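Analysis of the macromolecular model
Chain by chain, the residues:
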Amino acid sequence: MGAAYGTAKSGVGIASMGVMRPELVMKSIVPVVMAGVLGIYGLIIAVIISTNISPAKYTLFDGFAHLSSGLSCGLAGLAAGMAIGIVGDAGVRANAQQPKLFVGMILILIFAEALALYGLIVGIILSSKAGAAA
């Protein structure tokens, strides 16, 4: 959901900015790409969790470890997607008026993306604990 929100919100800003400065549209696509990466983080956690599930010996601890793994990655991705969407929308519009703001916008987007990366790392750590409880 974070990736979709970030893409939609940034896309609206790019479309609005493209009316005034169409030559900057391709340069302003960065927030949409960064929002799309959030969905890949969720896919990585889903693959890790699904490869560790075996119906024969799936304990309650394993289930809660996988649940917390998915929630940590998912909620961090949601928060990062909202941040990327809001910053991307305002950033590309501001970049159309003042091109010097581009580097600042990219730095803020990187820090927002790092929030989702932290959630991915926590999710991987939690998921790796699932099989170790036996």
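Residues numbered from 1 in each chain as written. Predicted model: local features only at pLDDT ≥ 70, side-chain atom pairs only at ≥ 80, totals over all residues. Heavy atoms only, no water.

1. Comments concerning the UniProt feature "transmembrane region" (unreviewed entry) in the protein
According to UniProt, the feature "transmembrane region" (unreviewed entry) maps to residues 29-49, 69-89 and 101-126 in the numbering used here. Across residues 69-89 one finds 100% helix and 0% strand; the C-alpha atoms that close the span lie 30 Å apart. Taken end to end, residues 101-126 is 96% helix and 0% strand, and its first and last C-alpha atoms sit 38 Å apart. (UniProt positions renumbered as here; feature names shortened; annotations may be inferred. Helix = DSSP H or I, 4+ residues; strand = E, 2+ residues; numbered from the N terminus.)

2. Digging into helix α1 (residues 2-20)
Helix length check: α1, at 19 residues, gives a terminal C-alpha distance of 28 Å against a target of 27 Å (1.5 Å per residue), a fit within 8%. Those residues of α1 that fall on the buried side of the exposure criterion are Gly2, Ala3, Gly6, Ser10, Gly13, Ile14, Met17 and Gly18. All buried residues of α1 fall inside an arc of 140 degrees around its axis, so they share one side. In α1, the exposed positions angled more than 90 degrees off the buried face are occupied by Ala4 and Val19. Contacts made by the buried residues of α1 are with α2 (30-51) and α3 (60-97). (Expected span 1.5 Å × (residues − 1). Buried < 20%, exposed > 50% of the residue type's maximum accessible area, 1.4 Å probe, protein only. Arc of directions from axis to C-beta. Contact = heavy atoms within 4.5 Å.)

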